Amino acid sequence: MPFLKSLPEDGVLLDVFKSFPTTALPLIQFHEALMRGPSQFSVAERELIAAYVSGLNACDYCHGVHTATAEAFGITEGILSDLLSDLESADIDQKLKPVLRYAEKLTKTPSRVTQDDADAVVAAGWSDQALYEAVSVCALFNFMNRLVDGLGIKAESDYFKFAAQRLSEGGYAALEKLIESQ
């Protein structure tokens with residue numbers, strides 16, 4: 001049950017956004033630009049980073065939605081569990097591992113991120129633009145995890161699949177339309 005008394009008992013993040021459109025709309029526009037705009041990372045990889053960060057933060061809602069979304073874009077089912085259990089042995093493109101190590105360090109111990117961490121991402125073949133985008137996805141989902149958990153937003157796995165279908169078919173722009181239609 002959400003902590004905001006103005007939301008329904010089964011309120012989800014979209015209900016929060018509809019209640020606070022002045023700040024939600026620019027946030028959703030940022031999501032759309034970052035998560036669906038041009039990038040060296042595929043949409044699936046960006047959703048993977050979002051789900052990984054959310055898993056590190058134990059934000060079940062965001063982890064569930066973005067794991068299902070990453071899978072809808074082609075990430076192998078179960079890979080997020082593998083990554084969270086042991087990043088080094090997970091069956092994922094080696095080029096992504098330094099990016100995920102960076103995201104993990106930035107999530108868990110941000111003051112300890114170093115030039116060596118950034119250099120490892122670039123050495124794996126990613127550009128400065130890609131590093132910026134990876135950091136931005138990480139930062140956005142650390143923010144979203146705090147927003148969701150701070151407001152007591154919860155959902156069951158059937159909702160994760162529904163939300164993932166909406167995000168995979170219409171992107172984050174579809175949410176903007178739902179908020180504006182309120």
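Use the structure listed above.
In this text, all values refer to a predicted model and were calculated from it rather than measured experimentally. (Residues numbered from 1 in each chain as written. Predicted model: local features only at pLDDT ≥ 70, side-chain atom pairs only at ≥ 80, totals over all residues. Heavy atoms only, no water.)

Caption draft 1: Here's a closer look at the overall build of the chain. Assigned secondary structure in the chain consists of ten helices and zero strands. For the chain, the α and β elements follow one another from N to C terminus as α-α-α-α-α-α-α-α-α-α. Over its C-alpha trace the chain gives a radius of gyration of 16 Å, about what one expects of a compact globule, namely 16 Å for 182 residues. Projected onto its principal axes, the C-alpha positions of the chain cover 50 × 30 × 30 Å. Among the 182 residues that make up the chain, the fraction classed as buried is 48%. Sequence separation of 24 or more characterises 70% of the internal contacts of the chain that already satisfy a separation of 6 or more. Put simply, the chain shows about 9,000 Å² of open surface, and 53% of that area lies on carbon and sulfur atoms. Both charge centroids of the chain, one from 15 positive and one from 26 negative side chains, sit 3 Å from each other. (Helix = DSSP H or I, 4+ residues; strand = E, 2+ residues; numbered from the N terminus. Rg over C-alpha atoms; globule rule 2.2 N^0.38 Å. Buried < 20%, exposed > 50% of the residue type's maximum accessible area, 1.4 Å probe, protein only. Contact = heavy atoms within 4.5 Å. Areas by Shrake-Rupley, 256 points an atom, 1.4 Å probe, with all protein chains shown as cover. Lys, Arg positive; Asp, Glu negative; His and termini not counted. Charge placed at Lys NZ, Arg CZ, Asp CG, Glu CD.)

Caption draft 2: Region of the structure containing the pattern of salt bridges. Scanning the entire structure with this criterion turns up four salt bridges. We note a salt bridge from Lys 108 to Glu 104, for which the minimum N-O separation is 3.0 Å. On the criterion of helical spacing, the pair formed by Lys 108 and Glu 104 is a turn pair, its members being four residues apart in helix α6 (residues 97–108). Given the relative accessible area of 52%, Lys 108 is considered exposed. (Salt bridge = Lys/Arg side-chain N within 4 Å of Asp/Glu carboxyl O.)

Caption draft 3: Representation of helix α2 (residues 21–36) within the structure. Here α2 spans 21 Å end to end across 16 residues, near enough to the 22 Å set by a 1.5 Å rise per residue. Among the residues of α2, those classed as buried are Ala 24, Leu 25, Leu 27, Ile 28, His 31, Leu 34, Met 35 and Arg 36. Looking at the packing, one finds that the buried side of α2 touches α1 (13–19), α3 (43–56), α4 (60–72), α8 (128–150), α9 (157–170) and α10 (173–180). (Expected span 1.5 Å × (residues − 1).)

Caption draft 4: Representation of α6 within the structure. A rise of 1.5 Å per residue sets the reference length of α6, with its twelve residues, at 16 Å; its end C-alpha atoms lie 16 Å apart and thus fit the reference within 8%. Within the span of α6, buried status applies to Lys 97, Pro 98, Val 99, Leu 100, Tyr 102, Ala 103 and Thr 107. For α6, the elements touching its buried residues are α3, α5 (79–85), α7 (115–123) and α8.

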